Amino acid sequence: MAPVEVRRRASLVGAVVSALLVLAIVLGSRLLRDFDSALLPYAVATVFLAFGVAYRYTVWISAPGARRLFVQGWRSFFSAANFRKAPTALPKMIATYLGFQRFLGARSHARWAAHQLIFWGCVIAALITFPLTWGWFTFTSATGAGPGYEWRMWGVKILGFDALSVVGWLLFHGLDIAAILVIPGAGYFLWRRMKDRGAMTGQRFAYDLVPLLALIIVSVTGLLLTFSSIFLHGGGYEFLAVLHMVSVVFTLIYIPFGKFFHIVQRPAAVGMQLFKYTAKRDEKVFPCRRCGQLIDTAPYVENLQGTMRDLNLGFDEWAAYCPRCKRVLRGNAYLTHVKKGFK
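Computed from a predicted model, the values in this text were never measured in an experiment.

**Some remarks on the overall build of the chain**
Move 1: A tally of helices and strands in the chain yields 15 helices and five strands.
Move 2: Once the C-alpha set of the chain is aligned to its principal axes, its extents read approximately 90 × 50 × 40 Å.
Move 3: Within the chain, residue pairs in contact and separated by at least 24 positions form 60% of the contacts whose partners lie at least 6 positions apart.
Move 4: Working note: accessible area of the chain is about 20,400 Å², and carbon and sulfur atoms make up 67% of it.
Move 5: Between the averaged position of the 38 positive side-chain charges in the chain and that of its 16 negative side-chain charges there is a distance of 12 Å.

**What about the environment of Ala113?**
Move 1: Here Ala113 is to be found in helix α7 (residues 109–134).
Move 2: Residue classification places Ala113 among the partly exposed residues on the basis of a relative accessible area of 33%.
Move 3: Placed 93 residues apart in sequence, Ala113 and Ala206 show a C-alpha to C-alpha distance of 24 Å.

**A look at the state of the cysteines**
Move 1: According to the stated counting rule, one finds zero disulfides in the structure shown.
Move 2: In this model Cys288 remains outside any disulfide bridge; the closest cysteine sulfur is found in Cys325, 3.7 Å from its own.
Move 3: Cys288 sits in the buried class, given a relative accessible area of 4%.
Move 4: No disulfide involves Cys322; its sulfur sits 3.5 Å from the nearest other cysteine sulfur, which is in Cys325.

**A word on unusual backbone geometry**
Move 1: Backbone geometry places Leu31, a non-glycine residue, at a positive phi of 60°.
Move 2: Checked against the element boundaries, Leu31 lands in the loop between α1 (3–28) and α2 (40–62).
Move 3: If you check the backbone angles, Trp154 has positive phi at about 55° while not being a glycine.
Move 4: Along the polypeptide, Trp154 turns up in the loop between β2 (148–153) and β3 (156–162).

**Quick look at the packing of α1 against α2**
Move 1: With their axes 8 Å apart at the nearest point, α1 and α2 run at an angle of 145° to one another. Judged by the twist between their axes, the crossing of α1 over α2 is right-handed.

**Details of the pattern of salt bridges**
Move 1: Applying the stated criterion across every chain yields a total of three salt bridges.
Move 2: One salt bridge connects Asp34 with Arg30, and the closest N-O pair in it is separated by 2.9 Å.
Move 3: Look at Asp34 and you get buried, because its relative accessible area is 17%.
Move 4: The salt bridge involving Glu150 is made with Lys157; its shortest N-O contact spans 3.7 Å.
Move 5: The partly exposed category is assigned to Glu150, whose relative accessible area is 25%.
Move 6: Take Lys157: its relative accessible area is 45%, and that puts it in the partly exposed class.

Calculation notes
Residues numbered from 1 in each chain as written. Predicted model: local features only at pLDDT ≥ 70, side-chain atom pairs only at ≥ 80, totals over all residues. Heavy atoms only, no water. Helix = DSSP H or I, 4+ residues; strand = E, 2+ residues; numbered from the N terminus. Contact = heavy atoms within 4.5 Å. Areas by Shrake-Rupley, 256 points an atom, 1.4 Å probe, with all protein chains shown as cover. Lys, Arg positive; Asp, Glu negative; His and termini not counted. Charge placed at Lys NZ, Arg CZ, Asp CG, Glu CD. Buried < 20%, exposed > 50% of the residue type's maximum accessible area, 1.4 Å probe, protein only. Disulfide = S-S within 2.5 Å. Axes fitted to C-alpha atoms, helices over the stretch in contact; angles between N-to-C directions. Left-handed = near helix turned anticlockwise from the far one by under 90°. Salt bridge = Lys/Arg side-chain N within 4 Å of Asp/Glu carboxyl O.

Structure, rendered in structure tokens:
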């Protein structure tokens, strides 16, 4: 597909997704009766976020390699046969691959811990911020000042609670808890990118440093809002609110076009992991054509060869050899066809 056609299709998909989100906001807030106009900039930013994610995702899966992995991954994800063969595999992979990201622990325990802090902090913040911004969640008090509150979702009462209770404190300070988790996690990665030579070598400011700075600024300004309301009696609150809003809006708009896009890509990889896992259970493992060492699952190797053919790379047969044999064959080819000319 031509790049112009890809961009046109991606723009159309983005426009449709944005329109659906606007419709969901209107209906979910009961025709805007529960919508807080003070949160309008955040809501507009989420609409831009929806457009950007849909646009970038469509462009991403338009590439032959990504499209094959995407289709095969989601096919495995929703496969009834896979569920029957391994009913616990999918929940386990969602928990370990998406939730706890155990694959990061093999690289570094410190990096895994920092990533977990950022991940769960962002999850908590998203679960609170998005529904509130869209008017799906409301916290109302019959007296107007508490301490008795009702948590309503789409106008339906979910929970009644006392603002001075533990439940009330957790609900009203959920974003503060998220910020406390994110700051040390993002701070660790920022420190590492300033000190670690390996990380410094290939880093780019806009791609590697801006996301970390954005997370820290959003978290710090959010905590300062709470600090202002509790200890300063609202002093400087308006300025901090604007600063916090600008930082959040910038971060939301940045997500589809920077490093944060891997958040959207990661769920598709769960299906691919399940695809490989079920193939191994069926003992469909592909041996190296030269030495017989097991390379990977046969369906995965076949999928890789198909991708190479789609891209017209011309060396899809090399996928049938293990890394060591590839080096040996390449060396033999060099000795036979290149060194021979220097005799």
